[in-house]
Amino acid sequence: MSDNAVHAPRVTHPLALAPVMAPPASVDGFVKQFLQHLNFSQGVTLSTSDVNDRYLALAGTVRDYLMARWLDDRARQAEQQAKTVCYLSAEFLLGRQLDNNLLAARLTEIAEEALAQCGTDMDDLRAVEVEPGLGNGGLGRLAACFVDSLATMSVPAIGYGIRYEYGIFRQTFVDGQQVEQPDAWLQMGSPWDFPHPEAAQTVSFGGRTETYDDGGTTRTRWVPEWSVLAVPYNMMVPGYHNGRVNTLRLWRAVATEAFDLRIFNSGDYEEAVRAQTYAENISKILYPEDSTPQGKELRLQQQYFFVAASIADFVENVLPAGFDLANLPDRVIFQLNDTHPVIGVPELMRVLVDEKGFDWDDAWQITSRCFAYTCHTLLPEALEVWPVELLGRLLPRHLEIIYRINEEFLELVRERFGDDQMRIRDMSIIGEHPTRSVRMAYLATVAGANVNGVAALHSQLLRDKVLRDFAELWPEKFTNVTNGVTPRRFLRLANPGLADLITEALGAGWTVDLERLRGLEAFAEDPEFRERFAAVKAANKRRLGEVLRVRDGLDVDETHLLDVMVKRLHEYKRQMLKVLHIVSLYEGVVSGRTAVTDLQPRTVVFGAKAAPGYVMAKRIIHLINAVAAVVNADPRVGGRLKVLFPANYNVTLAERIVPAADLSEQISLAGKEASGTGNMKLALNGALTIGTDDGANVEIRQLVGDDNFFLFGMTEPEVEALWAAGYRPADFYQADDRLRRAIDLIASGAFSDGDRSVFEPIVSNLLYDDRFMVLADFASYVAAQERVDVAYADTDAWTRSAILNVARCGYFSSDRSMRDYLARIWHASPVV
């Protein structure tokens, strides 16, 4: 056996892999297992159970069914040893699991009938389920779509992340301002994941390094100061109707020695559990606020914690005993979902060199073929960097490895470009200004076999601007994979009325071959189909209205154009531009310049959370709520303009808003949005897009056609030219009467009970900074909205355009994204 081989015990007896309980193949079988779970898992009878008991028993019954297939797939993978995709992501924004798992396993109708026989309404149990908020937005939702598609395509894959005790915060509004509450998603139990403490990994931090002689070879070892245990919780990811069940493995941090009895008995109870508290902080909360040194350190701990545990898990537990790690690139690709997992690069080098005895060059050849990097941003401040002081204190051996990687990389730069000191400074993994830091995106680019953007324009800008020097050095590394969304959740589950209409028109099979939606183009010319399509949209608006009425006390008028802007609150996404449009419409009516009867009836729906430390974003949320309160209550508007901002936007609410939307607001400044996925979900559900040529908007417009897309705003080259010429936002304010009146109305205190100081920071930011050129694009945006009003007035023509949006957006399936990754980056194959 090679010295480089993995040594780990393996359970090989076939009975050890056999499912304990046969899956429910009939309604009677489902009833039997459901009642068994009530009795033996929940400790209640049907008559004494409450709704949470019944939900957990239902989840357990479905989980039994998936478990049988999951065990089969693990056994088959252990036997076949096919290349595995390990998707490393700090976020997995999954959404509710019950309906998705029932749909994938073809159990929905069986479960509904079985519960009916038990006198239980499935909808009552659906309402109990708590969504795990293990992501912040698009990054986590994308990761969830990708693992869904990989399972549906029968590709061996493991998603690796963190089992946060508290996910993304629960947003509430107090006096219109965002207040963050803990997201206690585990409070009533989590039936969909299950721990494997026997497979826990030890993850270490701090300490020092030392050199020693190993038979004439000088080697380095890390002597850490403290360690935690990473306990894996497996969550099953079923493929759609194919019997495949992959794994999402989330790590929870626990102390290696959680309790000191001697200290406890001495009366120092707090000190007795200090180690437990300190360790559990690592997986306590998604994205701790990092404006403090302690917050920054905790974030780095989180990143290393899950990546180190994941690499160790794959090497020690997934690979077979005796595997020669020289062949590791043939068995795995670690996909880095943004920069959060990039610390995995020096970690794999440490494992290979320090623990497995590889020499440096051989270890680098292996490592540089095992990673690929997806960049999700164009904003320089979003390209993560870690201070050398912090990284060296927390992970001293990893900093040494990064230094050597950088040293050898800069030698390569000098060989290729000569002694160009500015280029060397610009490309160095170690940045020197303003503080000495490790540039994680650069480390990922140097180490990754491939680097990809997530939309055609984004990938081009990565090559031309963000990582230009690297693209010049390694043009073959760079590629594009446009994002996608899963049609199972965002069409079949979220929009059953439209899904049924599509199936009636095209037959079954489109759910796993979304390009078949092209067949709907012919139906766009069919008056009866248009009428039925419009009826589905109206029903979805009524359904949304029922949800918001109960959830938030808000009303939706189904006769209104439903104008939707749902996304993370960030200045570059330009929710402020939408607010100015609303204020402009309102000001026109109250000033008498616009007759209220000339207003197209419109309800604007916002959904957005701001990062807790992002002050300007939170001010904009306050302004949106303040505008909503005034506009909605003003009788002069006659109910023809409404603004709704339901709190705590999440996947569950998205599944109601997206199918109801008429207009999709994708209005970021050109050159700032990487891709977006909300734009895809909305277009696939028949919303027309008003947007700039930014991110995946470009590809949506090209596919659906200019006649079915409301384009406005500057192009990316025009944005750059205006900056270069010296952008003065006040000039646009002075030149546009409508813009000036809208800003002046905000500044006057009209939305803050006359207190001009409340929103003065927003007004000053617009007039004197306006980094994302809201004022420059305002006139073009308003003109595009006027085209929207005219188009929506022709209901039949609008419906035709909506159908064509659905028909032409099959490209945006995450299944297609996965095929592109498999072909261009991962070079892995499905296993049947």
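About the thresholds
Residues numbered from 1 in each chain as written. Predicted model: local features only at pLDDT ≥ 70, side-chain atom pairs only at ≥ 80, totals over all residues. Heavy atoms only, no water. Helix = DSSP H or I, 4+ residues; strand = E, 2+ residues; numbered from the N terminus. Buried < 20%, exposed > 50% of the residue type's maximum accessible area, 1.4 Å probe, protein only. Contact = heavy atoms within 4.5 Å. Areas by Shrake-Rupley, 256 points an atom, 1.4 Å probe, with all protein chains shown as cover. Lys, Arg positive; Asp, Glu negative; His and termini not counted. Charge placed at Lys NZ, Arg CZ, Asp CG, Glu CD. Core = buried A, V, L, I, M, F, W, Y, C linked by side-chain atoms within 4.5 Å. Expected span 1.5 Å × (residues − 1). Phe/Tyr/Trp six-rings, centres within 6.5 Å; stacked < 30°, edge-to-face > 60°. Lys NZ or Arg CZ within 6 Å of the ring centre and 35° of its normal. Axes fitted to C-alpha atoms, helices over the stretch in contact; angles between N-to-C directions. Parallel < 35°, antiparallel > 145°, perpendicular 65-115°, else oblique. Left-handed = near helix turned anticlockwise from the far one by under 90°. Pairing = 2+ DSSP bridges. Right-handed = clockwise from strand over helix to strand, strands pointing away. Polar contact = N/O pair within 3.5 Å; in protein donor to acceptor, adjacent residues only side chain to side chain. Salt bridge = Lys/Arg side-chain N within 4 Å of Asp/Glu carboxyl O. Disulfide = S-S within 2.5 Å.

A.B. asks: Can you lay out the overall build of the chain for me, pointing to particular residues and giving the numbers?
C.D. replies: Across its full length, the chain holds 33 helices and 23 strands. If one aligns the C-alpha atoms of the chain with their principal axes, the spans along those axes are about 90 × 75 × 65 Å. Put simply, the chain has 832 residues, and 59% of those count as buried. Once local pairs closer than 6 in sequence are excluded, the contacts in the chain between residues at least 24 apart make up 76%. A total accessible area of about 31900 Å² is found for the chain, and carbon and sulfur atoms account for 50% of it. Averaging the coordinates of the 84 positive side-chain charges in the chain and doing the same for the 112 negative ones gives two points 1 Å apart.

A.B. asks: Any details on the nonpolar core? Residues and values, ideally.
C.D. replies: By size, the foremost hydrophobic cluster in this structure holds 153 residues, and its most contacted members are Leu 58, Phe 305, Leu 328 and Trp 826. Among all residues touching Leu 328, those that are not within four sequence positions of it are Phe 314, Leu 319, Phe 323, Leu 348, Ile 366 and Cys 370.

A.B. asks: I'd like to hear about helix 14 (residues 396–417), residue by residue, with values.
C.D. replies: With 22 residues, helix 14 ought to run about 32 Å at 1.5 Å a step, and its terminal C-alpha atoms sit 31 Å apart, in line with that. The complete set of buried residues in helix 14 reads Pro 396, Arg 397, His 398, Leu 399, Ile 401, Ile 402, Ile 405, Asn 406, Phe 409, Leu 410, Val 413 and Phe 417. Count one or two residues on from helix 14 and you reach Gly 418, which has phi positive near 80°.

A.B. asks: Got a sec to walk through the packing of aromatic side chains? Specific residues and values, please.
C.D. replies: One pass over the structure, following the stated rule, counts 25 aromatic pairs. When the ring of Phe 409 is compared with that of Trp 474, the centres are 5.6 Å apart and the planes differ by 35°; the resulting orientation is tilted. Of the two residues, Phe 409 is situated in helix 14 and Trp 474 in the loop between helix 18 (468–473) and strand 17 (478–480); the sequence distance between them amounts to 65 residues. Judged by centre distance (5.6 Å) and plane angle (55°), the ring pair of Tyr 727 and Phe 732 falls under tilted. Every member of this aromatic cluster is reached through a ring pair, and the members are Phe 205, Trp 222, Trp 226, Tyr 278 and Tyr 304. In this structure, Lys 609 is placed above the aromatic ring of Phe 169, and the distance from its NZ or CZ to the ring centre is 5.3 Å.

A.B. asks: Give a description of the packing of helix 1 (residues 27–41) against helix 4 (residues 108–117) that names residues and reports values.
C.D. replies: Where helix 1 contacts helix 4, the two axes come as close as 9 Å, and the packing angle between them is 60°. By the angle between their axes, helix 1 is oblique relative to helix 4. Judged by the sense of rotation from one axis to the other, the crossing of helix 1 with helix 4 is right-handed. In this structure, helix 1 uses Val 27, Asp 28, Phe 30, Val 31 and Phe 34 to contact helix 4, whose residues at the interface are Ile 110, Ala 111, Glu 113, Ala 114, Leu 115 and Gln 117.

A.B. asks: Can you break down the pairing of strand 21 (residues 663–666) residue by residue, with the values?
C.D. replies: Along a regular strand, successive side chains alternate from one face of the sheet to the other. Here strand 21 shows two buried faces, one formed by Leu 663 and Glu 665 and the other by Ser 664 and Gln 666. In this sheet, strand 22 (residues 688–691) lies alongside strand 21 in parallel orientation, the contact comprising four bridges. If you follow Gln 666 over to strand 22, its bridge partner there is Gly 691. Note on the crossover from strand 21 through helix 25 (residues 678–684) to strand 22: the handedness is right-handed.

A.B. asks: Which residues make up the environment of Arg 530, and what are the values?
C.D. replies: Locating Arg 530 in the fold gives a position in helix 21 (residues 527–552). For Arg 530, a relative accessible area of 10% gives the class buried. Separated by 306 residues in sequence, Arg 530 and Pro 224 place their C-alpha atoms 66 Å apart. In this view, Arg 530 contacts Ala 524, Glu 525, Asp 796, Thr 799, Arg 800 and Ile 803; residues no more than four positions away in its chain are not counted. Among the polar contacts made by the side chain of Arg 530, one reaches the main-chain carbonyl oxygen of Ala 524 at a distance of 2.8 Å.

A.B. asks: Break down the environment of Asn 650 for me, citing the residues and quoting the values.
C.D. replies: One can find Asn 650 in the loop between strand 20 (641–644) and helix 24 (651–660). C-alpha separation for the pair Asn 650 and Ile 168, spaced 482 residues apart in sequence, amounts to 9.6 Å.

A.B. asks: Hey, could you go over the sheet that holds strand 14 (residues 430–431) for me, with residue numbers and the actual values?
C.D. replies: In space, the three strands of this open sheet follow the order 13-15-14, with antiparallel pairing throughout. If you trace the sheet from one side to the other, it starts and ends with strand 13 (385–387) and strand 14, each paired once. Bridge analysis of strand 13 against strand 15 (residues 437–439) gives three bridges, and the strand direction is antiparallel. Opposite Pro 387, over in strand 15, you have Ser 437 as the bridge partner.

A.B. asks: Would you mind going over the side chain of Thr 377 in detail, with residue names and values included?
C.D. replies: The residue Thr 377 is located in the loop between strand 12 (371–374) and strand 13 in this model. Here Leu 379 takes part through its backbone nitrogen, which lies 3.0 Å from a polar atom of the side chain of Thr 377. Apart from residues no more than four positions distant in its own chain, Thr 377 is found in contact with Ala 382, Leu 383, His 458, Leu 462 and Ala 674.

A.B. asks: Let's hear about the sheet that holds strand 18 (residues 561–566): which residues, and what values?
C.D. replies: Strands belonging to one sheet form pairs held by backbone hydrogen bonds; the direction of such a pair is parallel or antiparallel. With parallel pairing, the six strands of this open sheet are ordered in space as 20-19-18-21-22-23. Pairing within the sheet leaves two strands with one partner each, and these edge strands are strand 20 and strand 23 (709–711). Across this sheet, the average inter-strand angle for adjacent strands is 20°, counted without regard to direction. Contacts between helix 32 (residues 795–808) and the sheet are confined to strand 18, strand 21, strand 22 and strand 23, with strand 22 contributing the most and set at about 85° to the helix.

A.B. asks: Mind laying out the pattern of salt bridges, listing which residues take part and the relevant values?
C.D. replies: Taken as a whole, this structure holds 59 salt bridges when the rule is applied. Here Asp 354 and Arg 397 are joined by a salt bridge, their closest N and O atoms 2.7 Å apart. With a gap of 43 residues between them, Asp 354 in helix 11 (residues 344–355) and Arg 397 in helix 14 connect regions that are remote in the sequence. Look at Asp 354 and you get buried, because its relative accessible area is 17%.

A.B. asks: Let's hear about the pairing of strand 22: which residues, and what values?
C.D. replies: With burial as the criterion, each face of strand 22 is covered, one bearing Leu 688 and Ile 690 and the other bearing Thr 689 and Gly 691. Taken together, the three bridges between strand 22 and strand 23 define a ladder with parallel strand orientation. Residue pairing across strands places Gly 691 opposite Leu 711, the latter belonging to strand 23.

A.B. asks: Just give me the short version of unusual backbone geometry, but keep the residues and values in it.
C.D. replies: Each neighbour pair has its own omega, and for His 433 with Pro 434 the value is 0°, a cis peptide bond. In this model, Arg 574 sits at a positive phi of 65°, which is unusual for a non-glycine residue. Turning to its location among the elements, Arg 574 is positioned in the loop between strand 18 and helix 22 (575–590). Arg 574 gets classed as buried once you look at its relative accessible area, which sits at 1%.

A.B. asks: Please give an account of the state of the cysteines that cites residues and values.
C.D. replies: Under the counting rule described, the total for this entry stands at zero disulfides. Cysteine Cys 145 remains unbridged, with the sulfur of Cys 809 as its closest cysteine sulfur at 15 Å. Of the residues examined, Cys 145 reaches a relative accessible area of 1% and is grouped as buried. Looking at the unpaired Cys 375, the closest cysteine sulfur is the one in Cys 145, lying at 19 Å. Accessibility expressed as a relative area gives 0% for Cys 375, which makes it buried.

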